[in-house]
Amino acid sequence: MKIAIASGKGGTGKTTLSTNLALLLAETEKVILTDLDVEEPNSGLFIKGNLIHQEEKFKMVPQWNSEKCALCGNCQKVCNFHAVIQLVDQIIVFPELCHSCYACSELCPTNSLPMIPQKMGELREYQLDDLTFIESRLDIGQEQAVPLIAQTNKYVDEKYSDEIIKLYDAPPGTSCPVIEVTKDADFVILVTEPTPFGLHDLTLAVETMRELDKKFGVVVNRYGIGNDDVIDYCESEKIPVIAKISNSRRIAELYSRGSLLYREIPAVKDELVKVLDFVKGNLARGEM
Amino acid sequence: MKIVFTTKGSEWESAIDPRFGRTEYFLVYDEENDELSSFDNRAINDVAHGAGPQTAQKLFELQPDVLITGNGPGGNAARVLGSANIKIFVGAGEMTAKEAFEAYKKGELKEF
């Protein structure tokens, strides 16, 4: 079972929920948590496991070979991302803009743009008792998260069966990286905060999940601040509010030290149990 | 000498657009013939990625001797402009094209 934890707005508690949920689950069964917020993965701050595997990840980009090039300009015409441009008698490639679609390379009449691997980031895998934690980190200067997310997903799927519960910590927003994380999920948990900003971005995330035809529910974090608009919105849209984690200074303190919440605060554990019961209940009823 | 300004309009009184890649216009001044023309670059708004190299390519086609702009081109655009023999002057972000031209003449703009 694949459960993605996404949000719309950043800083609402995706990582807090992901790490606490994963470690609570791992007390009774095998769990895999994958941090796919590859531009700034931070689940690892809360999980101190043993490094069991590490690999570099590459994407394919064209490299210009000037000897055979006829300077026909076809490459720049077929590139939708302006990653290849022709300046009079030379071709310039911008690897960071390249989406590895191979069009320029395949359609070059003189084979002057062979594809070569370029390092874009690293994947690391840690083990902590029954929790397997995987994170990928994009190299500085790389502009695209999607290829690394896709390769990380592939790694997890090839190595681990879907019988195991797989949690995915998604990036914020509703753009391509979030789509890449959530498109194969059986269930998506949208974490929000009860503020106008939280509501605004939640509505965008809800629209996105509906477009993807996903089952999803909402967890309200920092409950007690702001207003009731998020709760009212979920009610009127018939979106289940699975859990509410109260706003508290104690939580912020624990978080800032990289500590887990549920071991210290029983009320948080109660809310996490609600999330697990809801998701597992859905699964048991064959609703996923 | 041909001088190009990144601008928000097509006249001498137009403000300099401080951005290079997403500049709204290029204002082109041909000193020899005292001719002013412009290139509308606003279609760049529809481009999500790679605005810098694309705008740089347009500029390249205009074949200017000098570019006067605000913040200066970013990394990708600078790579393109590096292949061309164009002198780039920055720091005109809060001026009109006319003021920027005068500042350039007086040597008050910084070379990029």
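Cut-offs applied
- Residues numbered from 1 in each chain as written.
- Chains lettered and ligands numbered in written order.
- Predicted model: local features only at pLDDT ≥ 70, side-chain atom pairs only at ≥ 80, totals over all residues.
- Heavy atoms only, no water.
- Phe/Tyr/Trp six-rings, centres within 6.5 Å; stacked < 30°, edge-to-face > 60°.
- Buried < 20%, exposed > 50% of the residue type's maximum accessible area, 1.4 Å probe, protein only.
- Helix = DSSP H or I, 4+ residues; strand = E, 2+ residues; numbered from the N terminus.
- Lys NZ or Arg CZ within 6 Å of the ring centre and 35° of its normal.
- Axes fitted to C-alpha atoms, helices over the stretch in contact; angles between N-to-C directions.
- Parallel < 35°, antiparallel > 145°, perpendicular 65-115°, else oblique.
- Left-handed = near helix turned anticlockwise from the far one by under 90°.
- Contact = heavy atoms within 4.5 Å.
- Nonpolar A, V, L, I, M, F, W, Y, C, P; charged D, E, K, R; others polar.
- Pairing = 2+ DSSP bridges.
- Buried area = accessible area lost by both parts, 1.4 Å probe.
- Salt bridge = Lys/Arg side-chain N within 4 Å of Asp/Glu carboxyl O.
- Polar contact = N/O pair within 3.5 Å; in protein donor to acceptor, adjacent residues only side chain to side chain.

> Explain the packing of aromatic side chains residue by residue, including any values.
Residue and element names in this part refer to chain B. Per the counting criterion, the structure on display carries 11 aromatic pairs over all chains. Ring centres of Phe20 and Phe26 lie 6.3 Å apart, and the angle between their planes is 50 degrees; this geometry places the pair in the tilted category. Phe26 matches Phe20 in its accessibility class, with the two residues each being buried. Measuring from centroid to centroid gives 5.3 Å for Tyr29 and Phe101, while their planes differ by 75 degrees, and the two rings are edge-to-face. Taken together, the positions of Tyr29 in strand S2 (residues 25-30) and Phe101 in helix H3 (residues 97-105) put the pair 72 residues apart, joining distant regions of the chain. Accessibility expressed as a relative area gives 15% for Phe101, which makes it buried. Through a chain of ring-to-ring contacts, the aromatic side chains of Phe5, Trp12, Tyr29 and Phe101 assemble into a single cluster. The ring centre of Trp12 lies 5.9 Å from the NZ or CZ of Lys98, which sits over that ring.

> An account of the packing of helix H6 (residues 196-211) of chain A against helix H7 (residues 229-236) of chain A is needed here, citing residue identities and associated values.
Residue and element names in this part refer to chain A. The N-to-C vectors of H6 and H7 enclose an angle of 25 degrees; their axes lie 10 Å apart at closest approach. With respect to H7, the element H6 is oriented roughly parallel. Two packed elements cross with a definite hand, and for H6 against H7 that hand is right-handed. Where H6 abuts H7, its residues Leu199, Leu202, Thr203 and Val206 lie against Asp229, Val230, Tyr233 and Cys234. Split into classes, the residues belonging to the contact of H6 with H7 amount to six nonpolar, one polar and one charged.

> Help me get a handle on the packing of helix H1 (residues 14-25) of chain A against helix H9 (residues 266-284) of chain A, residues and values and all.
All names here are of chain A. Packing of H1 against H9 brings their axes to within 10 Å, and their N-to-C directions diverge by 75 degrees. Here H1 lies roughly perpendicular to H9, going by the angle between them. From H1, Leu17, Asn20, Leu21, Leu24 and Leu25 reach across to H9, where they touch Lys269, Leu272, Val273, Val275, Leu276 and Lys280.

> Would you mind going over the sheet that holds strand S2 (residues 31-35) of chain A in detail, with residue names and values included?
All names here are of chain A. Ordered by their spatial adjacency, nine strands build an open sheet running S3-S6-S7-S2-S8-S1-S9-S10-S11, and the pairing between neighbours is mixed. Two strands in the sheet have a free side with no partner beyond their single neighbour: strand S3 (50-62) and strand S11 (241-246). The mean angle between the axes of side-by-side strands here comes to 20 degrees, regardless of whether they run parallel or antiparallel. In this sheet, S11 lies alongside strand S10 (residues 216-223) in parallel orientation, the contact comprising four bridges. Bridging from a neighbouring strand, Val219 pairs with Ala243 of S11. Lying over the sheet, H1 contacts strand S1 (2-6), S2, strand S6 (115-128), strand S7 (131-138), strand S8 (165-169), strand S9 (187-192), S10 and S11, oriented at roughly 160 degrees with respect to S8.

> Which residues make up the interface of chain B and chain A, and what values do they have?
Interface size, as often reported, equals the accessible area lost upon joining of the parts. On the side of chain A, 15 residues touch chain B, which itself brings 11 residues to the contact. Taking both sides of the interface into account, the surface hidden between chain B and chain A amounts to around 1,100 Å²; carbon and sulfur atoms contribute 64%. Here chain B is connected to chain A by zero salt bridges. Applying the counting rule to chain B against chain A returns four residue pairs in polar contact (both at pLDDT 80 or more). For the side of chain B that touches chain A, the secondary structure elements donating two or more residues are helix H1 (51-62) and helix H2 (75-82) of chain B. The greatest single-element share of the side of chain B that touches chain A, amounting to four residues, is contributed by H1(B). Among the residues making up the side of chain B that touches chain A, the classes are represented as four nonpolar, six polar and one charged.

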